[in-house]
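Tertiary structure, described
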Amino acid sequence: MRFLSSVLLITLASLLSGCGETQEPVRFATPASPPVARVSIPLSSIAVREVSLPSYATEEGVATVDASGAIIITPDTLWADEPSRAVTLRLTSALADATGRVVASDPWPFSANPDAVVEVRVETFIAEEAGRFVAEGRYYVAHEDEERTDHAHKFELIEPFDPARGFPGIAAARAEVIAALAEDIARRGLR
């Protein structure tokens, strides 16, 4: 009986001591992409497949890389939305703004097939602690019209940010990178 009372007391004490220390994680959304330059394209509609991100970038926690190359994922600072979904939706929106065309992510919501399908495969997508957000990878554009040439392009985008701004700075730089990718896809891929 004395042993059971001791276990209950220890359990109760640990529960109570943990109550004051528990904090909700902070969540950051990727802001809307900044305005992008309008790019004229010969297509009416574009589908964007879900963006493929590296595994560390699909984590709920915000990933950063230090000078040694170690990737750190914060347990208490999280993205507000599932990262692949958030990046896909922001890219879709930025591509629509850049082209002025009908752009939607998969699953394609319209009855007629899109004129082109864009697939993005990201190899690097991370904030460096020194103040750069880096995105590298490839994107592919497949045209519905067989007379048009399909495209594959490599991209390397770097957006500086002020590390003193913390995670809001990272989120803003991420939005800038997505906008730059949308403009690159419009200029080189959707022709």
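Residues numbered from 1 in each chain as written. Predicted model: local features only at pLDDT ≥ 70, side-chain atom pairs only at ≥ 80, totals over all residues. Heavy atoms only, no water.

Strand direction decides the pairing type here: strand β1 (residues 26-28) and strand β4 (residues 71-79), joined by three bridges, are parallel. Counterpart to V26 in the pairing with β4 is T77. When strand β3 (residues 61-65) meets β4, the two strands line up antiparallel, connected through four bridges. Among the inter-strand pairings, V65 is bridged to a residue of β4, identified as I71. Taking the residues between adjacent antiparallel strands as the criterion, β3 and β4 are bridged by five residues, where G69 takes a positive phi near 95°. (Pairing = 2+ DSSP bridges. Helix = DSSP H or I, 4+ residues; strand = E, 2+ residues; numbered from the N terminus.)

On to the confidence of the model for the protein chain. Across the protein chain, the average pLDDT comes to 89, with 88% of residues at 70 or higher. Across residues 1-20, where pLDDT falls below 50, the model places zero contacts with residues more than four positions away in sequence or in other chains. (pLDDT = per-residue confidence, 0-100. Contact = heavy atoms within 4.5 Å.)

So, about the packing of aromatic side chains. The final tally for this structure, using the stated rule, is four aromatic pairs. Centre to centre, the rings of Y139 and F155 are 6.3 Å apart; their planes meet at 25°, and the pair counts as stacked. Of the two residues, Y139 is situated in strand β7 (residues 132-143) and F155 in strand β8 (residues 151-160); the sequence distance between them amounts to 16 residues. The exposure class of Y139 is buried, given its relative accessible area of 0%. For F155, a relative accessible area of 3% puts it in the buried group. R174 extends its terminal NZ or CZ atom over the ring of W79, reaching a point 3.7 Å from the ring centre. (Phe/Tyr/Trp six-rings, centres within 6.5 Å; stacked < 30°, edge-to-face > 60°. Buried < 20%, exposed > 50% of the residue type's maximum accessible area, 1.4 Å probe, protein only. Lys NZ or Arg CZ within 6 Å of the ring centre and 35° of its normal.)

Here the focus is the pairing of β7. Note that strand β6 (residues 116-128) and β7 share 12 bridges and pair antiparallel. Pairing of A127 across the sheet is with F133, part of β7. In this antiparallel pair of consecutive strands, β6 and β7, the connection spans three residues, and G131 shows a positive phi of 110°.

Quick look at the nonpolar core now. The nonpolar side chains of a soluble globular protein tend to be buried, and buried together. In terms of nonpolar packing, the biggest core is built from 46 residues, with L91, L95, V120, F125, I185 and L190 touching the most fellow members. Going through the elements one at a time, β2 (45-48), β3, α2 (83-99), β6, β7, β8 and α3 (167-189) are the ones with two or more residues in this core. Examining the composition of this core, we find that 10 residues originate from one element, α3, more than from any other. Each residue touching L190, except ones within four places of it in the same chain, is listed here: I41, P42, L43, I46, L95, T99, A116, V118, V141 and I185. (Core = buried A, V, L, I, M, F, W, Y, C linked by side-chain atoms within 4.5 Å.)

Another aspect to go through is the side chain of D184. Within the secondary structure, D184 is located in helix α3. In this structure D184 comes out as buried when scored by relative accessible area, which is 17%. Once you skip the residues sitting within four places of it in the chain, D184 turns out to touch Y139, F155 and G189.

Okay, the packing of α2 against α3 next. As a packed pair, α2 and α3 sit with axes 8 Å apart at the nearest point and diverge in direction by 50°. Regarding the angle of α2 to α3, the classification is oblique. Judged by the twist between their axes, the crossing of α2 over α3 is right-handed. Across from P83, A86, V87, R90, L91, A94, L95, A98 and T99 in α2, the residues of α3 making contact are R174, I178, A179, L181, A182, I185 and A186. Looking at the contact of α2 with α3 residue by residue, the class counts come to 13 nonpolar, one polar and two charged. (Axes fitted to C-alpha atoms, helices over the stretch in contact; angles between N-to-C directions. Parallel < 35°, antiparallel > 145°, perpendicular 65-115°, else oblique. Left-handed = near helix turned anticlockwise from the far one by under 90°. Nonpolar A, V, L, I, M, F, W, Y, C, P; charged D, E, K, R; others polar.)

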